[in-house]
Amino acid sequence: MPQQTPTPSARQTELLEAAYQYALAHGLTDLSLRPLADAIGSSPRVLLFLFGSKDGLVRALLARARADELALLDRARQSDRPAGLVPAVERVWAWLAAREHRPLLRLWAEAYARSLVEPAGAWAGFARATVDGWLDVLADCQPPSERDGRDGATRRTLALAVLRGALLDLLATDDEKRVTEAVEHQLALLRD
């Protein structure tokens, strides 16, 4: 029988949200419990009690970031009929390119990279779950004839690769105009 996770207390939820805001501003790579606890009005001991370990806290923060990512992806599915791959990618890119989402996207890029180089521990599976989640959403946006056709998975994979590469380029350079033009060019090719 699977073990059920207990419902978090109000204090745990409050501290997780405060820690998440801290992680958005400072990242997770050099996360240290003492400065984090000081910044969010807690103590390292309370954080360890509530989250079990530093890795437990990082896993909770990654789950919180994943919830924001999944909310974005759900918006790409906006209607009950498939929008098509190109309109879905356009909507996702508009969200990704918005300046106010850069802290979340930097945190995502950090977690994605750490998951690749540290496949065990708190980061385990983050990159894979991200790829799978995004591909599932893009598949849901394709009409069945495209989704189930011979090239459906290839087109989704290409769209995801373009989004991910463009996002990393945007985060590195902040050159939204150039990167958006490249995404739009690729979308024109996908329309054909």
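This structure is a prediction, so every number in the text was calculated from the model and none was measured.

Criteria and thresholds
The residue numbering used here restarts from 1 in each chain and proceeds along that chain's sequence as written. Where local features are concerned, this predicted model is filtered to residues with pLDDT of at least 70; where side-chain atom pairs are given and counted, the filter is 80 or more; whole-chain, interface and lining totals use all residues. Note that the side-chain values use all heavy atoms of the structure and ignore hydrogens as well as water. We call a set of buried Ala, Val, Leu, Ile, Met, Phe, Trp, Tyr and Cys residues a nonpolar core when their side-chain atoms join them within 4.5 Å. Think of it in three bands: with a 1.4 Å probe and only protein chains considered, a residue is buried below 20% of the maximum accessible area for its type, exposed above 50%, and partly exposed in between. A run of DSSP states H or I qualifies as a helix once it reaches four residues; a run of E qualifies as a strand once it reaches two. Both are numbered from the N-terminal end. Contacts are residue-level and defined by heavy atoms, with any inter-residue pair within 4.5 Å sufficient. Two rings from Phe, Tyr or Trp (for Trp, the six-membered ring) form a pair when their centres sit within 6.5 Å of each other. Planes less than 30 degrees apart are called stacked, planes more than 60 degrees apart edge-to-face, and all others tilted. Lining residues are defined by having an atom within 4 Å of a point belonging to a cavity or pocket. Those points lie on a 1 Å grid over the protein atoms alone, cavities being sets where a 1.4 Å probe fits but cannot get out and pockets being open sets with protein on both sides within 12 Å along at least five of seven lines. Grid points are joined across faces, edges and corners, and a volume is the space filled by probe spheres set on the points. Amino acids outside the nonpolar list (Ala, Val, Leu, Ile, Met, Phe, Trp, Tyr, Cys, Pro) and the charged list (Asp, Glu, Lys, Arg) are all regarded as polar, and Gly is one of them. The rule for a salt bridge is simple: a side-chain nitrogen of Lys or Arg has to be within 4 Å of a carboxyl oxygen of Asp or Glu. To get an axis, fit a line to the C-alpha atoms, keeping to the stretch in contact for a helix; angles then go from 0 to 180 degrees between the N-to-C directions. Note on terminology: angles under 35 degrees are roughly parallel, angles over 145 are roughly antiparallel, angles of 65 to 115 are roughly perpendicular, and the others are oblique. In this scheme the crossing of two helices becomes right-handed for a clockwise turn of the near helix relative to the far one and left-handed for an anticlockwise turn of less than a right angle.

Peer 1: Now, about the nonpolar core: what can you tell me, with residues and values included?
Peer 2: Judged by nonpolar contacts, the single largest core of 61 residues is most densely connected at Leu28, Leu36, Leu47, Leu61, Trp93, Leu96 and Trp134. Of all the elements, helix 5 (residues 85–97) adds the most residues to this core, at nine residues. In contact with Leu47, not counting residues within four places along its chain, are Leu15, Leu33, Leu36, Ala37, Ile40, Ser42, Gly52 and Leu57.

Peer 1: Mind laying out the packing of aromatic side chains, listing which residues take part and the relevant values?
Peer 2: What the rule picks out here adds up to one aromatic pair. Between Trp108 and Tyr112 the ring centres are 4.9 Å apart and the planes differ by 35 degrees, which places this aromatic pair in the tilted class. Here Trp108 and its partner Tyr112 are both found in helix 6 (residues 102–117), four residues apart, which amounts to about one turn of the helix. The burial state of Trp108 is the same as that of Tyr112; both residues are buried.

Peer 1: Summarise empty space enclosed by the protein; cite the residues concerned and give the values.
Peer 2: What the rule picks out here adds up to two cavities of 30 Å³ or more. Those elements that provide at least two residues to the lining of the largest cavity are helix 4 (54–76) and helix 6. Roughly 50 Å³ of volume is contained in the second largest cavity. Considering the residues around the second largest cavity, the lining is formed by Trp108, Tyr112, Thr130, Val131, Trp134, Leu160, Arg164 and Leu167. Elements with a minimum of two residues in the lining of the second largest cavity: helix 6, helix 7 (126–141) and helix 9 (152–173). Broken down by class, the residue content of the lining of the second largest cavity amounts to six nonpolar, one polar and one charged.

Peer 1: Let's hear about the pattern of salt bridges: which residues, and what values?
Peer 2: One pass over the structure, following the stated rule, counts 15 salt bridges. Measuring nitrogen to oxygen at the nearest pair gives 3.3 Å for the salt bridge that ties Asp174 to Arg99. Of this pair, Asp174 sits in the loop between helix 9 and helix 10 (176–191) while Arg99 sits in the loop between helix 5 and helix 6, and the two are 75 residues apart along the sequence. Looking at Asp174, the relative accessible area reads 35%, which means it is partly exposed. A salt bridge links Arg147 to Asp148; the nearest nitrogen and oxygen atoms lie 3.6 Å apart. On the basis of relative accessibility, which here comes to 26%, the residue Arg147 falls in the partly exposed class. By relative accessible area, which is 59% here, Asp148 ends up exposed. Overlapping salt bridges, with partners in common, bring together Arg99, Arg102, Asp174 and Glu176 in one network.

Peer 1: Residues and numbers for the side chain of His101, please.
Peer 2: Inspection of the secondary structure puts His101 in the loop between helix 5 and helix 6. Accessibility expressed as a relative area gives 16% for His101, which makes it buried.

Peer 1: So what's going on with the packing of helix 7 against helix 9? Which residues, and what values?
Peer 2: Where helix 7 meets helix 9, the closest approach of the two axes is 10 Å, and the angle between their N-to-C directions is 125 degrees. Here helix 7 is positioned oblique relative to helix 9, judged by the angle of their axes. Once helix 7 is placed against helix 9, the crossing between them reads as right-handed. Contacts between helix 7 and helix 9 involve Val131, Trp134, Leu135, Leu138 and Ala139 from the former and Arg156, Thr157, Ala159, Leu160, Leu163 and Arg164 from the latter. When the residues that make up the contact of helix 7 with helix 9 are grouped by side-chain class, the tally is eight nonpolar, one polar and two charged.

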